[in-house]
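# Analysis of the macromolecular model
Spelled out from the first residue to the last, the chains are:
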Amino acid sequence: MKLSILLVAALSIVSVSNAQKFFTKTGKISFDATAPKSPENITGVNKTSICVIDTKTADIQFSVLMKGFEFERALMMEHFNENYVESDKFNKTTFKGTITNNESINYTKDGVYPAKVKGKLDMHGQSKDIETEGKITVKAGKIEVSASFIAQFDDFKVVIPQLVADKVAKFAKIVVDCTLDPLAK
Amino acid sequence: MILLTSNAVKAQDKDLLDLVDTDKPKKEVVKNAFKSIRVINGHSMEFLSPGTMDFRILHRFGQFNIPNTFAGFDQASMRIGLDFGVTRYLQFGFGRSTFKKEFDGYIKLAPIRQSTGHHAFPATIALVGGMTLNSLPYADPTIHNYFSSRLAYYGQVIIGRKFSEGITLQVTPTIVHNNIVPLASQPNDVYAVGFGGRLKMNKRTAFTWDYFYVLNGIQKDANNLPLNFNPLSVGVDIETGGHVFQLHVSNSAGMNERAFITETTGDWKKFDIRFGFNLSRIFQISHKK
C-alpha cells in the first residue's frame, strides 16, 4: 500500500517535471473599452479562455469563445455579441504566437520571468500582428501568464457608431491572466 | 479513417489548441430573434435576459383619415408597462392602457427554446397566459354588477424560428375569453391565429409585421358589413443602444391581446390606419454573481 502511494507520488512528480506543454481551460481574459467620459463601464470578462504553452518550442496560443464574455448588464452582452463582434459569425478569437525570449525562462525553477510575446490575433474575421510584454510566473509546477495590450477596433473592423461613441472607446485594453497546469500527454 | 488523417494533418500544423480544445459545442439558446419582446402588438418568441426589466411606453395615435387632427396626431392612446425576465425561459409583465382604463398582465413560459449545439432544437415553443381588467365605471350601476364581468383572459402558443440572422417568423394560435360581451350574438371565446415576422435590414434596423387572423370574432352589422377587422401592423424596429423604438402603422389601437384581437375597428382598405410606436428601455435590476 505504502509502496503504491509512493509510486504514484513519484510518477506524478516525474510527469510534472517532465511536462513540456502547459494548458488551461479556465483562463481569465478581460477587456475595458470604456470611453473617457462614459457614465457606465464597458468591460467584459471571459473566464473560460483556453491557453496552451509549449515550453520547448516557445509556442503560445489562446482561444477565446466570444459568447463566453460576461458583462455587468445583460444588454451589453447582447449588443457585444450581436452588434459589435458578431459572435454568430465569428465565434472565436484566437492568438497564435511565440515567446521570443523563451530561452531566458526556466520553466523548472520557481520565479517571475519577463516575457516577450509576438504573434497573430484573429478576431472578427480580421488578423493582426500583436507584440507585447508580459510576465510568466513559475510556481509549484504551474505557470501563470499575465499580459496586457491594446486592440484598436479599426484593425478588426469592429464599428462603434457615433451614437454610442460617448460610452464605447475606439480601442480596448485587453488583460490576460491565466494559470496553466501541466498537460499530461 | 478520414477523421484520423484530418487529426494528423492538424497535428502537423502544430496547433496546440487542438490538444485541449476537444469539447463538443455546448447547447446555446438562439437569441435576438426579435429586437424586442413584442413583434409589434403581439408577443414575440424573444425573452428578456434574466434579471432585466423592460420599461415600455406605447402610443397609438388617431387614424390618418380623420380630418383636422393633423393626421391623427391630435389623439393619442397609450399603455405603460413593465416586463421582467426571470430566467431564460420565464418572463412576466403588466401594464395599463388608457383605452377602457384597462390593466393587463401575463406570464410567458418557454418549455423549449430554439438552440444550437448539443440537443439543438429548431424552434422556440412558448406559452403565454394573460388577463385583462377593465376599470371603467360600470355601464349600468343600477343593476348588480359582478367584478368578473371586468375580466378577460387570453392564452397563446408561440411557435417561432429564427431562420437566419435576417429572417425570423412565428405563428401564434391564440384564444381570448371575454367574461362578458356587449351583444348576445358575440362569442365569449374568440379564436385567432397570429403571424409575425422580422426582416433585419442592418445591425440596428429591422422591418417587422404582425397579423392576427380572427377565426370567429368578426361582427357584422345589419348590412352584413364587418364591424371589426383582423389587426395588421407593419413597422420598423430601430435600436439605438439603450432604447428600442418600434415605429409602425396599424389598423388597431389596442395594446393588449383582448383589445387588438377583438376590438380592431379600422379597415386597411379604407385607410383607417394610424401611426404608433413602442418605446422600450431595458434596465438591469439584478446582477448575477
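As the structure is a computational prediction, the values presented were derived from the model and not from experiment.

Basis of the calculations
Residues numbered from 1 in each chain as written. Chains lettered and ligands numbered in written order. Predicted model: local features only at pLDDT ≥ 70, side-chain atom pairs only at ≥ 80, totals over all residues. Helix = DSSP H or I, 4+ residues; strand = E, 2+ residues; numbered from the N terminus. Buried ≥ 20, exposed ≤ 12 C-beta atoms within 10 Å, placed from the backbone. Contact = placed C-beta atoms within 7 Å. Nonpolar A, V, L, I, M, F, W, Y, C, P; charged D, E, K, R; others polar. Pairing = 2+ DSSP bridges. Axes fitted to C-alpha atoms, helices over the stretch in contact; angles between N-to-C directions. Core = buried A, V, L, I, M, F, W, Y, C linked by C-beta atoms within 7 Å.

As a further point, take the overall build of chain B. Scanning chain B from N- to C-terminus turns up 3 helices and 14 strands. Based on the C-alpha atoms only, the size of chain B along its principal axes is roughly 85 × 40 × 40 Å. Taking all 289 residues of chain B together, the buried fraction comes to 37%.

A word on the interface of chain B and chain A. Listed by partner, the interface residues are 19 residues for chain B and 22 residues for chain A. Those elements giving two or more residues to the side of chain B that touches chain A turn out to be helix 2 (17–20) and strand 14 (274–284) of chain B. Of all the elements, helix 2 of chain B adds the most residues to the side of chain B that touches chain A, at 3 residues. Split into classes, the residues belonging to the side of chain B that touches chain A amount to 5 nonpolar, 8 polar and 6 charged.

Right, let's get into the sheet that holds strand 10 (residues 189–200) of chain B. Sheet strands line up and pair through hydrogen bonds in the backbone, either parallel or antiparallel. Residue and element names in this part refer to chain B. The strand order 2-3-4-5-7-8-9-10-11-12-13-14 describes a closed barrel built from 12 strands, whose pairing is antiparallel. Averaged over all neighbouring strand pairs, the angle between strand axes comes to 20 degrees, with direction disregarded. With 8 bridges joining them, strand 3 (residues 76–87) and strand 4 (residues 90–97) adopt antiparallel strand pairing. Along strand 4, the bridge assignment pairs Gly85 with Gln91.

Let's shift gears to the environment of Gln284 of chain B. Residue placement: Gln284 of chain B occurs in strand 14. Spatially, the C-alpha atom of Gln284 of chain B lies 9.9 Å from that of Phe84 of chain B, the residues being 200 residues apart in sequence. When near neighbours in sequence (up to four residues on either side) are disregarded, Gln284 of chain B contacts Arg73, Ala74 and Leu75 of chain A together with Gly51 and Thr52 of chain B.

Cys51, Ile53, Val145 and Leu180 of chain A are the most contacted members of the largest nonpolar core, which has 39 residues in total. Elements that contribute at least two residues to this core include exactly strand 1 (21–34), strand 2 (43–54), strand 3 (59–65), helix 2 (74–84), strand 5 (92–99), strand 6 (111–123), strand 8 (142–152) and strand 9 (168–182) of chain A. Here the element with the most residues in this core is strand 9 of chain A; it accounts for 6 residues. Contacts of Ile53 of chain A, omitting those with residues within four sequence positions, involve Lys21, Phe22, Ile60, Ile143 and Leu180 of chain A. Membership of the second largest hydrophobic core comes to 14 residues, among which are Ala33, Ile37, Phe47 and Ala126 of chain B.

Residues and elements named next belong to chain B. Although it is not a glycine, His119 sits at a positive phi angle of roughly 55 degrees. Locating His119 in the fold gives a position in the loop between strand 6 (115–116) and strand 7 (124–134). Here His119 falls in the exposed class, since 8 other C-beta atoms lie within 10 Å of it. Within the chain, Phe271 stands out as a residue other than glycine whose phi angle is a positive 60 degrees. Checked against the element boundaries, Phe271 lands in the loop between helix 3 (257–262) and strand 14. Look at Phe271 and you get exposed, because 11 C-beta atoms sit within 10 Å.

What follows is about the pairing of strand 2 of chain A. Residues and elements named next belong to chain A. Relative to strand 2, strand 1 runs antiparallel, the two being bridged by 9 bridges. The partner of Ser30 across the bridge, within strand 2, is Val45. Pairing between strand 2 and strand 3: 5 bridges, direction antiparallel. From the neighbouring strand, Asp54 faces strand 3, where its bridge partner is Asp59. The loop that links strand 2 with its antiparallel partner strand 3 comprises 4 residues; one of these, Ala58, has a positive phi angle of about 70 degrees.

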